[in-house]
Amino acid sequence: MYKENIEVMISKEEIAHKVKALGEEITNDYSGSGKELVVIGVLKGANVFLGDLIRQIDLPILVDFIAVSSYGLSTETSGVVKILKDLDLDVEGKDVLIIEDIVDTGLTLKYLTENFKSRNIASMKICALLDKPERRKCPIDIDYLGFEIPDKFVVGYGIDYAEKYRNLPYVAVVKS
Ligand SMILES: O=P(O)(O)OC[C@H]1O[C@H](OP(=O)(O)OP(=O)(O)O)[C@H](O)[C@@H]1O
Ligand SMILES: [Mg+2]
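Being a predicted model, the structure only gives us computed values, none of them experimental.

Draft legend 1. Representation of the site of ligand 1 within the structure. Surrounding ligand 1, one finds 15 residues, the nearest of these being Glu100, Asp101, Asp104, Thr105 and Thr108. Burial of ligand 1 by the protein amounts to 77% of the accessible area it has alone, namely 490 Å². For the shell around ligand 1, the secondary structure elements donating two or more residues are β5 (95-103) and α3 (107-117). The greatest single-element share of the shell around ligand 1, amounting to four residues, is contributed by β5. Here the shell around ligand 1 is built from residues that sort into four nonpolar, five polar and six charged.

Structure below.
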């Protein structure tokens, strides 16, 4: 049974309630901005969160995705080495909202925010479902946050362990 060593941390009902609230907040904040809002999901993990969240955003938005490789802290560099899948859309002059599933060390978002700033965007905000502040290696301002969680390895709702568990409808802890 593939779910024998996991324990639910955040239920699908809690997630749904939070996603609705985040969508309403984002809708209110960007209403009447006059610029196109581009919602960018960070693959693979943010795909589920983005899919639910955009249906709670009642605005004319564009959607795109980006994927980066990361090998964590095993080197002296930022830990994020390259873009595996770049954006399809031109974001110059656009309002960009980055959608992440989880912010851990912050290295992925540090790399991405610096990369997007080099593309002459109009503005950039970050929306993350989960935040693990205890793990942070570089400061990241999260504008729209779902849940702050302790330093535990989580899976589900798009988030994986060795590419497994992304399909779980809730966020769970992998029991050691
Ligand atoms: O804050 P950080 O320490 O950078 O960690 C957070 C990032 O790591 C995970 O993605 P991963 O690179 O494992 O790829 P995936 O989204 O395809 O699972 C997660 O989905 C975040 O994108
Ligand atoms: Mg990811």
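Draft legend 2. Highlighting the sheet that holds strand β1 (residues 6-10). Ordered in space as β1-β9-β8, the three strands form an open sheet in which the pairing is antiparallel. Here the strands that pair on one side only, and so sit at the sheet edges, are β1 and β8 (154-155). Relative to strand β9 (residues 171-174), β8 is paired through two bridges, and the arrangement is antiparallel. Following the sheet pairing, Val155 is matched in β9 by Ala172.

Draft legend 3. How the structure looks around a negative patch on the surface. A cluster of acidic residues, Glu25, Asp29, Asp141 and Asp143, forms a negative patch at the surface. Note that Asp141 resides in the loop between β6 (123-131) and β7 (144-148).

Draft legend 4. A look at the packing of helix α1 (residues 12-30) against helix α2 (residues 47-54). Packing of α1 against α2 brings their axes to within 9 Å, and their N-to-C directions diverge by 60°. When the axes of α1 and α2 are compared, the pair comes out oblique. The chirality of how α1 crosses α2 is right-handed. Where α1 approaches α2, its residues Val19, Leu22, Gly23 and Ile26 are matched on the opposing element by Phe49, Asp52 and Leu53. Taken together, the residues of the contact of α1 with α2 sort by class into five nonpolar, one polar and one charged.

Draft legend 5. How the structure looks around unusual backbone geometry. Looking along the chain, the bond that leaves Leu43 and enters Lys44 is cis, with omega of -5°. Along the chain, the position of Lys44 falls in the loop between β2 (37-43) and α2. We note that Ala162 has phi near 55°; this positive angle belongs to a residue other than glycine. Note that Ala162 resides in the loop between β8 and β9.

Draft legend 6. Molecular detail of the packing of aromatic side chains. Tallying each qualifying case throughout the model produces three aromatic pairs. On the numbers, 5.7 Å between centres and 80° between planes, the contact of Phe153 with Tyr161 is edge-to-face. Take Phe153: its relative accessible area is 45%, and that puts it in the partly exposed class. The ring of Phe147 carries the charged tip of Lys18 above its face, separated from the ring centre by 5.6 Å. When the ring centre of Tyr30 is taken as origin, the NZ or CZ atom of Lys125, which lies over that ring, is 5.7 Å away.

Draft legend 7. Spotlight on the pattern of salt bridges. Evaluation of the coordinates by the stated rule reveals 13 salt bridges. Note that Lys44 and Glu163 form a salt bridge whose closest N and O atoms lie 3.1 Å from each other. On the criterion of sequence distance, the pair formed by Lys44 in the loop between β2 and α2 and Glu163 in the loop between β8 and β9 is long-range, its members being 119 residues apart. Taking the relative accessible area as the measure of exposure, Lys44 reaches 46% and is therefore partly exposed. Judged by relative accessible area, Glu163 falls into the partly exposed class, the value being 47%. Note that Arg119 and Asp86 form a salt bridge whose closest N and O atoms lie 3.0 Å from each other. Here the residue Arg119 occupies a position in the loop between α3 and β6, and Asp86 occupies one in the loop between β4 (80-85) and β5, the gap between them amounting to 33 residues. In this structure, a network of salt bridges that share partners links the residues Lys44, Asp160, Glu163 and Arg166.

Here is what the cut-offs are and how they apply
- Residues numbered from 1 in each chain as written.
- Chains lettered and ligands numbered in written order.
- Predicted model: local features only at pLDDT ≥ 70, side-chain atom pairs only at ≥ 80, totals over all residues.
- Heavy atoms only, no water.
- Near = heavy atom within 4 Å.
- Areas by Shrake-Rupley, 256 points an atom, 1.4 Å probe, with all protein chains shown as cover.
- Helix = DSSP H or I, 4+ residues; strand = E, 2+ residues; numbered from the N terminus.
- Nonpolar A, V, L, I, M, F, W, Y, C, P; charged D, E, K, R; others polar.
- Pairing = 2+ DSSP bridges.
- Patch = residues over 30% accessible without salt bridge, like charges linked within 9 Å, V, L, I, M, F, W, Y side chains within 5 Å.
- Salt bridge = Lys/Arg side-chain N within 4 Å of Asp/Glu carboxyl O.
- Lys, Arg positive; Asp, Glu negative; His and termini not counted.
- Charge placed at Lys NZ, Arg CZ, Asp CG, Glu CD.
- Axes fitted to C-alpha atoms, helices over the stretch in contact; angles between N-to-C directions.
- Parallel < 35°, antiparallel > 145°, perpendicular 65-115°, else oblique.
- Left-handed = near helix turned anticlockwise from the far one by under 90°.
- Contact = heavy atoms within 4.5 Å.
- Phe/Tyr/Trp six-rings, centres within 6.5 Å; stacked < 30°, edge-to-face > 60°.
- Buried < 20%, exposed > 50% of the residue type's maximum accessible area, 1.4 Å probe, protein only.
- Lys NZ or Arg CZ within 6 Å of the ring centre and 35° of its normal.

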